[in-house]
Amino acid sequence: LGVVIRRAHGGGRPPESGRALLEALDAARRGDPGFDPAALRDREALGRDDFPQAVCRVGGRLAEALAFAHARGVLHCDIKPGNILLTPYGRPMLADFNVAFDLGRARAEGRGYGGTLAYMAPEYRAAMAGQPGGSADERCDVYSLGVVLHELATGARPQPALSTQSAETVLPSGASAPRQPGEVAANLGAPADVALAGVQRELAAVIRRCLAPDPASRCQTAGELAAALSGAWHLLAARRALPRPSRVVWWVSGRPVAAAVLAGTLPHLVASVAQIGYNASEIRLEGEQQRAFALVAVAYNLLAYPFG
């Protein structure tokens, strides 16, 4: 998956559809994939998706695989693009359970932790370092899958919180550093909220929830994450099926507060200009009266407009 992400996002423009993933997959393919009629539908469905839908589809399959492992007491502990294989038909396969373990048995045996720093949940890193508050459960894998989804959706990981010095402190516990030299310190990814600003809000909301620093704020199970991604896919499909809004509707939906202020004040401003003009032509006042009237009008409007 890491190879496909780099190819799909390598043109400088975000991919527009699931077909971009398939093209990247075909470009990286080695050998004859053979023909699998049953899996052909997976490829056709992925090709029909727009890109956020494709991310939801791939992420949902991975979340289902993760739920299968968790139901059998297995934590993966090293979810990253390099440990996810893609079939020629676009189906993701969660692989490399090299550092996976049964959580209950690991506690009983006092076994250490392992994984890749850039994809670790904060509490998992704390557990590796022997710091207070460290823990390892299913939500650590949910966080790691959230980092993968962020990378798939934006082409970059969320900004790592570790510096090179802190990474070296934790590494002896059995974690593998990212393969590129200086990858942790180089901060290859943008902060999550900045990078996700260009992602459809339905998908971005799911990714942000996965990346919540507090485990209680994340999806509590991989099955819950799979359901959230399925829901996001259907919302995105419904949006594609609806007619495209006009520019005015698009502007209003993107700036609801500004639109409400404008709608609330513009009619009153127009009416005030008309009323002031009418008063000026119909009401004859002396100089002192005119000054008093102006003060009253200004004072009244200063009170009436905010109250209205």
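Quick caveat, the model's predicted, so the values are computed rather than measured.

Procedures and definitions
- Residue numbers here run from 1 along each chain, matching the order of that chain's written sequence.
- Reporting of local features is limited, given that this is a predicted model, to residues whose pLDDT is at least 70; pairs of side-chain atoms are given and counted only at 80 or more, and all residues count toward the totals for whole chains, interfaces and linings.
- Computation of side-chain values: all heavy atoms of the structure, hydrogens and water removed.
- Counting from the N terminus, the helices are the DSSP runs of H or I reaching at least four residues and the strands are the DSSP runs of E reaching at least two.
- For every residue, the accessible area (1.4 Å probe, protein chains only) is compared with the maximum for its type, and the residue is labelled buried under 20%, exposed over 50%, or partly exposed between those bounds.
- Any two residues whose heavy atoms approach within 4.5 Å at even a single point are treated as in contact.
- The method behind every accessible area is Shrake-Rupley, applied with a 1.4 Å probe, and residues are considered shielded solely by the protein chains displayed.
- Whenever a carboxyl oxygen of Asp or Glu lies within 4 Å of a side-chain nitrogen of Lys or Arg, that contact is scored as a salt bridge.
- Here is the rule: rings of Phe, Tyr and Trp (six-membered ring for Trp) pair when centre to centre is within 6.5 Å. Planes less than 30 degrees apart are stacked, more than 60 are edge-to-face, and the remainder are tilted.
- Remark: a charge is flagged as sitting over a ring if the NZ atom of Lys or the CZ atom of Arg is within 6 Å of the ring centre and within 35 degrees of the ring normal.
- Each nonpolar core is a collection of buried residues, namely Ala, Val, Leu, Ile, Met, Phe, Trp, Tyr and Cys, held together in the definition by side-chain atoms within 4.5 Å.
- By this rule, a helix spans an expected 1.5 Å times one less than how many residues it contains.
- Pairing of N or O atoms within 3.5 Å defines a polar contact, subject to two protein rules: one partner must be a possible hydrogen donor and the other a possible acceptor, and residues neighboring in sequence count only if both atoms are side-chain atoms.
- The patches reported here contain residues having more than 30% relative accessible area and no salt bridge. Joining distances are 9 Å for like charges and 5 Å for nonpolar side chains (Val, Leu, Ile, Met, Phe, Trp, Tyr).
- With axes taken as lines fitted to C-alpha atoms, and helix axes fitted only over the stretch in contact, angles between N-to-C directions fall between 0 and 180 degrees.
- By definition, any crossing whose near helix is turned counterclockwise from its far helix by less than a right angle is left-handed, and any crossing with a clockwise turn is right-handed.
- Note on residue classes: Ala, Val, Leu, Ile, Met, Phe, Trp, Tyr, Cys and Pro are nonpolar, Asp, Glu, Lys and Arg are charged, and everything else, Gly too, is polar.
- Angle categories are assigned with fixed cut-offs, so that under 35 degrees is roughly parallel, over 145 is roughly antiparallel, 65 to 115 is roughly perpendicular, and the rest are oblique.

(A) Structural context of the overall build of the protein chain. Within the protein chain, the secondary structure is distributed over 15 helices and 6 strands. The proportion of buried residues among the 308 residues of the protein chain is 38%. Counted over contacts in the protein chain with a minimum sequence separation of 6, partners at least 24 positions apart contribute 69%. Looking at the protein chain as shown, the accessible area adds up to about 17600 Å², and 58% of this sits on carbon and sulfur atoms.

(B) Region of interest: the pattern of salt bridges. Enumeration over the complete set of coordinates arrives at 13 salt bridges. The partner of D26 in a salt bridge is R29, and the shortest N-O contact between them spans 3.5 Å. In this structure, a network of salt bridges that share partners links the residues D26, R29 and R43.

(C) How the structure looks around the packing of aromatic side chains. This structure, assessed with the given rule, holds 0 aromatic pairs. In this structure, R72 packs its charged tip against the face of F68, placed 3.7 Å from the ring centre.

(D) Examining the nonpolar core more closely. Y124, L145, L152, L203 and L225 are the most contacted members of the largest nonpolar core, which has 56 residues in total. Mapped onto this core, the elements with two or more residues apiece are α1 (2–8), α2 (18–28), α4 (51–71), α6 (122–129), α7 (138–154), α11 (201–210) and α12 (222–241). Ranked by the residues each element gives to this core, the list is headed by α7, at 9 residues. Aside from chain neighbours lying at most four places away, what touches Y124 is C77, F101, Y113, G114, S135, A136 and C140.

(E) Region of the structure containing unusual backbone geometry. Not every positive phi belongs to a glycine, and C77 is a case in point at roughly 75 degrees. Of note in the backbone geometry, D96 takes a positive phi value of approximately 60 degrees without being a glycine.

(F) The arrangement of α4 in detail. The first and last C-alpha atoms of α4 sit 30 Å apart over 21 residues, in line with the 30 Å expected at 1.5 Å per residue. Here α4 starts with a cap whose side-chain oxygen sits 3.0 Å from the backbone nitrogen of Q53, and that cap is D50.

(G) Geometry of a nonpolar patch on the surface. Taken together, the side chains of V248, W251, V252, L262, L266, L269 and V270 define a hydrophobic patch exposed on the protein surface, amounting to about 630 Å² of accessible area. Of all the elements in the fold, those that place two or more residues in the nonpolar patch are α13 (247–254) and α14 (256–282). Looking at the nonpolar patch element by element, the count peaks at 4 residues for α14. A relative accessible area of 53% places V270 in the exposed class.

(H) Summary view of the packing of α7 against α11. Contact geometry for α7 and α11: axes closest at 8 Å, N-to-C directions at 140 degrees. Crossing handedness for the pair α7 and α11: left-handed. Residues V142, Y143, G146, L149, H150 and A153 of α7 form the contact with α11, whose own contacting residues are L203, I207 and C210. Here the residues of the contact of α7 with α11 sort into 7 nonpolar, 2 polar and no charged.

(I) Broad picture of the packing of α4 against α12. At a minimum axis separation of 8 Å, α4 and α12 run at an interaxial angle of 160 degrees. When the axis of α4 is compared with that of α12, the two are roughly antiparallel. As α4 runs across α12, the sense of the crossing is left-handed. In this structure, α4 uses P52, Q53, C56, R57, G59, G60, A63, E64, L66, A67 and H70 to contact α12, whose residues at the interface are A222, G223, L225, A226, L229, A232, W233, L236, A237 and R240. Split into classes, the residues belonging to the contact of α4 with α12 amount to 13 nonpolar, 5 polar and 3 charged.

(J) Structural view of the environment of A127. As for its placement among the helices and strands, A127 is situated in helix α6. The buried category is assigned to A127, whose relative accessible area is 16%. Considering only alpha carbons, one finds A127 and Y113, 14 residues apart in sequence, at a separation of 7.8 Å. Excluding residues that lie within four positions of it along the chain, A127 makes contacts with Y113, G134 and S135.

(K) Examining the environment of V248 more closely. In this structure, V248 sits in helix α13. By relative accessible area, which is 61% here, V248 ends up exposed. Residues V248 and A259, 11 residues apart in the sequence, show an inter-C-alpha distance of 10.0 Å.

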